[in-house]
Amino acid sequence: MNRSAFAGHVSMFLANASWGLMSPVAKIVMAGGIVTPLVLTDMRVFGAMILFWVLFFFRNPERVAPRDMVKLFGASLLAIVFNQGCFIFGVGLTSPGDASIITTSMPLWAMILAAFFLKEPVTGKKVAGIAFGATGALLLILGSNQGPEDTTGGNGNVWGDLLVLSAQLSYALYIVLFKNFVTRYSLTTIMKWMFTYAFICILPFSYDDLTATDWSALNLQAVGAICFIVVCATFISYMLIVVGQKRLRPTVAGMYNYIQPSVACVVSVYLGMDSFNYTKAFAIALIFGGVYLVTVSKSRAEMSDKRRPKESSKDFI
């Protein structure tokens, strides 16, 4: 494995590990009912936007072509607005258990879309890897201790399920369609504009909740949790995602989505919110085995030596 690919794997692992940590941390913030999910999302977007603009002023200015500004808006819609927006509203209409299970579909979408748009082959190793990863993720999700309100049966709503599914499709479209586009500009430039566009789009929906929030009622623990979510699980994680997106095939990048339930499980056990058993150990082994299988699967370029390397990464955006 070359250094570029290694950096991509490390970046995707760390980003998804942060997102896995975000689930139990977000519960700390929203436990008292002071901060709603929509307000927390707006805080993530606004906080990351400010941090990226601050970082921008310490770097050399980079001009973005007008047509690429439009593409950055499209990337923002897919990666942030539709992804986070559909997920939040979807979770509000369906059960958390259903939502967690549906999130395991993202790597499958990435494989299908990469095959359609980038002509990446659907190999046996990819299919087996995704199957292993999905099975492991489902074992973790279904084996977690959930309260009555978190049950996966009977509380689901078809529209909520469709919204959560749309969130996964939106993110998969982003990592496939914009794989080559993100190589044109620096991380700071890409993220600065994507989060600015996202904030403009989300603010009209969250303004009422933002103004109604009693910020003085937040304790120090909740403030610390919000700082982690904004800085680590948003600002740093989205930068790491672009690093991984540049260096890894979409299907491989998508497989790291399965790291999230693994990390959430380990943290829940550590905090005493869940228990560890052989089933969970087997599930985590399946997830990492699935990631390995997809990683070692052959790319289009490797399976077609007669074609030029550039043809293996056609730029659709």
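It should be noted that the structure appears before, not after, this text.
Residues numbered from 1 in each chain as written. Predicted model: local features only at pLDDT ≥ 70, side-chain atom pairs only at ≥ 80, totals over all residues. Heavy atoms only, no water.

A.B. asks: When you look at the overall build of the chain in this model, what are you seeing that I'm missing?
C.D. replies: Along its length, the chain carries 13 helices and zero strands. For the chain, the α and β elements follow one another from N to C terminus as α-α-α-α-α-α-α-α-α-α-α-α-α. For the chain, buried positions account for 51% of its 317 residues. Look at the contacts in the chain between residues 6 or more apart in sequence, and 89% of them connect residues 24 or more apart. Total accessible area on the chain is roughly 15,200 Å²; 67% of this is exposed by carbon and sulfur atoms. (Helix = DSSP H or I, 4+ residues; strand = E, 2+ residues; numbered from the N terminus. Buried < 20%, exposed > 50% of the residue type's maximum accessible area, 1.4 Å probe, protein only. Contact = heavy atoms within 4.5 Å. Areas by Shrake-Rupley, 256 points an atom, 1.4 Å probe, with all protein chains shown as cover.)

A.B. asks: Even after reading the chapter, I still don't get the packing of helix 1 (residues 3-30) against helix 11 (residues 259-270), so can you show me in this structure?
C.D. replies: The description of two helices packed together rests on the angle between their axes and the distance between the axes. Contact geometry of helix 1 with helix 11 gives a least axis separation of 7 Å together with a crossing angle of 50°. Here helix 1 lies oblique to helix 11, going by the angle between them. By crossing handedness, the relation of helix 1 to helix 11 is classed as right-handed. Contacts between helix 1 and helix 11 involve F13, N16, A17, W19, G20, L21 and P24 on the former and, on the latter, I259, Q260, V263, A264 and V267. Among the residues forming the contact of helix 1 with helix 11, the class breakdown is nine nonpolar, three polar and no charged. (Axes fitted to C-alpha atoms, helices over the stretch in contact; angles between N-to-C directions. Parallel < 35°, antiparallel > 145°, perpendicular 65-115°, else oblique. Left-handed = near helix turned anticlockwise from the far one by under 90°. Nonpolar A, V, L, I, M, F, W, Y, C, P; charged D, E, K, R; others polar.)

A.B. asks: Would you explain the nonpolar core in this entry?
C.D. replies: Side chains that are nonpolar tend, in soluble globular proteins, to be buried together. Counting 83 residues, the largest nonpolar core has L72, I80, Y174, F178, M191, M194 and F195 as the members making the most contacts within it. Take this core: its biggest share by element is twelve residues, from helix 9 (residues 220-247). (Core = buried A, V, L, I, M, F, W, Y, C linked by side-chain atoms within 4.5 Å.)

A.B. asks: Looking at this model, I keep getting lost on the environment of Q168. Mind explaining?
C.D. replies: Mapped onto the secondary structure, Q168 falls in helix 7 (residues 158-177). If sequence neighbours within four positions are ignored, Q168 has contacts with F87, I102, T103, S105, M106 and W109.

A.B. asks: What is the right way to read helix 12 (residues 278-296) from this model?
C.D. replies: Structural remark: α-helix, 3.6 residues per turn; residues separated by three or four positions point the same way. With 19 residues, helix 12 ought to run about 27 Å at 1.5 Å a step, and its terminal C-alpha atoms sit 27 Å apart, in line with that. Among all positions in helix 12, only K280, A283, I284, L286, I287, G290, V291, L293 and V294 are buried. Turning to helix 12, the residues buried within the fold contact helix 6 (124-143), helix 10 (250-255) and helix 11. (Expected span 1.5 Å × (residues − 1).)

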